[in-house]
Amino acid sequence: DAMVIQNPRYQVTQFGKPVTLSCSQTLNHNVMYWYQQKSSQAPKLLFHYYDKDFNNEADTPDNFQSRRPNTSFCFLDIRSPGLGDAAMYLCATSREKGAGDSNQPQHFGDGTRLSIL
Amino acid sequence: AQKITQTQPGMFVQEKEAVTLDCTYDTSDPSYGLFWYKQPSSGEMIFLIYQGSYDQQNATEGRYSLNFQKARKSANLVISASQLGDSAMYFCAIAMYSGGGADGLTFGKGTHLIIQP
């Protein structure tokens with residue numbers, strides 16, 4: 001049973017046209033993450049939510065934003081996608097932040113592969 | 001900032017042989033966790049094994065074991081009796097736990113493992 005669900009699996013959008021990727025989880029985890037993985041590269045953290053607290057990585061472009069309306073859902077919004085934003089976008093969750101209880105792998109969804117025309 | 005180095009971009013291994021995937025890390029924080037993930041060509045990230053910085057014993061999960069050498073800052077993954085289904089990208093990652101919790105994973109560049117019959 002899928003526990004972290006990303007929709008859609010493949011997304012095609014036009015250059016400059018806003019796009020939203022979605023992630024839902026059935027694990028009731030407090031933390032949700034978004035990673036960007038370009039072709040043949042390692043995943044790179046964009047931002048994460050700890051409950052309702054949003055944490056942006058310093059080098060995440062302003063073009064990328066996120067929303068978490070409730071515990072189960074988290075969205076990645078790309079306001080004006082450029083060709084360089086074509087990538088796999090991975091959503092992950094973890095029960096808590098690590099202090100005091102560090103044996104908690106992040107659970108990943110299957111990813112959304114975004115193409116820009 | 002923390003860093004993960006995987007020095008083997010690709011490896012070919014005969015089926016049923018054991019394989020060791022190298023991972024070294026760099027951090028000055030005492031509290032961290034090390035993870036290995038498998039990413040098949042379909043794109044999903046599959047958690048394999050975890051090692052905490054304070055764990056005294058090397059982690060094992062079925063055919064996977066982690067050779068943790070803290071003084072050398074290495075966390076090599078050992079896969080015993082490799083199978084054709086083990087062919088995939090393998091990522092080593094670190095999460096930092098100081099300062100109240102983990103802010104996501106920092107990944108290495110990965111090793112592309114191919115198991116040959």
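Before any of the text, the structure's been laid out above.
Quick look at the structure, then. Since the model is a prediction, treat every value here as computed from it, not as a measurement.

### Some thoughts on the packing of aromatic side chains
Two aromatic rings are characterised by how far apart their centres lie and by the angle between their planes. Tallied over the full model, the rule gives 16 aromatic pairs over all chains. Where A:Tyr35 meets A:Phe108, the ring centres are 5.5 Å apart and the plane angle is 40°; that geometry is what we call tilted. Separated by 73 residues along the polypeptide, A:Tyr35 in strand E4 (residues 31-37) and A:Phe108 in strand E10 (residues 107-108) bring together distant segments of the chain. Its relative accessible area of 0% is what places A:Tyr35 among the buried residues. Put simply, the rings of A:Tyr33, A:Tyr35, A:Phe108, B:Phe35, B:Tyr37, B:Phe47, B:Tyr50, B:Phe91 and B:Phe107 touch in pairs and so form one group of aromatic residues.

### Digging into the nonpolar core
Note that soluble globular proteins tend to have their nonpolar side chains buried in a common cluster. All names here are of chain B. Formed by 26 residues in total, the largest nonpolar core has its most connected members in Leu-34, Trp-36, Ile-49, Leu-77, Tyr-90 and Leu-113. Sorting the residues of this core by element identifies strand E2 (10-14), strand E3 (19-21), strand E5 (32-39), strand E6 (46-52), strand E8 (64-69), strand E9 (74-79), strand E10 (88-96) and strand E12 (111-116) as the ones contributing at least two each. A per-element tally of this core places E10 first, with five residues.

### A word on the interface of chain B and chain A
Between chain B and chain A, the residue contacts involve 21 residues of the former and 24 residues of the latter. Across the chain B/chain A interface, buried area totals approximately 1,700 Å², and carbon plus sulfur atoms make up 59% of it. The three residues of chain B that bury the most area against chain A are B:Met45, B:Asp103 and B:Phe107, which together make up 24% of that side's buried surface. Viewed at the interface, chain A and chain B are joined by zero salt bridges. One can count four residue pairs in polar contact (both at pLDDT 80 or more) joining chain B with chain A.

### Description of the side chain of A:Thr93
Residue and element names in this part refer to chain A. With respect to the element layout, Thr-93 can be found in strand E9 (residues 87-94). Polar contacts involving the side chain of Thr-93 include one to the side chain of His-29, which spans 2.8 Å. Other than its neighbours up to four places away in sequence, Thr-93 contacts Val-4, Gln-25, Leu-27, His-29, Val-31, Met-32, Tyr-33, Pro-105, Gln-106 and His-107.

### With respect to the environment of A:Ser72
All names here are of chain A. Secondary-structure assignment places Ser-72 in the loop between strand E7 (64-67) and strand E8 (73-78). Overall, Ser-72 belongs to the partly exposed group, its relative accessible area being 30%. Distance in space between the C-alpha atoms of Ser-72 and Gly-84 is 29 Å, their sequence separation being twelve residues. Beyond its immediate sequence surroundings of up to four residues, Ser-72 is in contact with Cys-23, Ser-24, Gln-25 and Met-32.

About the criteria used
- As a convention, each chain's residues are numbered from 1 in the sequence order in which they are written.
- Working convention: letters from A go to chains and numbers from 1 go to ligands, in the order in which they are written.
- Only residues with pLDDT of 70 or above have their local features reported here, since the model is predicted, and side-chain atom pairs are shown and tallied only from 80 upward, although totals for entire chains, interfaces and linings are computed over all residues.
- Based on all heavy atoms of the structure, the side-chain values leave hydrogens and waters out of the count.
- Whether two aromatic rings pair depends on their centres lying within 6.5 Å, for rings of Phe, Tyr and Trp, where Trp uses its six-membered ring; planes under 30 degrees apart make the pair stacked, over 60 edge-to-face, and the rest tilted.
- Secondary structure elements are defined from DSSP: runs of H or I of at least 4 residues count as helices, runs of E of at least 2 residues count as strands, and each element is numbered from the N terminus.
- For each residue, the accessible area found with a 1.4 Å probe, counting protein chains only, is set against the maximum for its type, and the residue is called buried under 20%, exposed over 50%, and partly exposed in between.
- Definition of nonpolar core: a set of buried residues of the types Ala, Val, Leu, Ile, Met, Phe, Trp, Tyr and Cys, connected through side-chain atoms within 4.5 Å.
- Residue contacts follow a heavy-atom distance rule, with two residues in contact if any of their heavy atoms lie within 4.5 Å.
- Using a 1.4 Å probe, buried area is obtained as the accessible area two parts lose upon being combined, added over both of them.
- The term salt bridge refers to a pairing of a side-chain nitrogen on Lys or Arg with a carboxyl oxygen on Asp or Glu at a separation within 4 Å.
- Polar contact is the term for a pair of N or O atoms within 3.5 Å; when the atoms are in protein, one must be able to donate a hydrogen and the other to accept it, and sequence-neighboring residues count only if both atoms are side-chain atoms.

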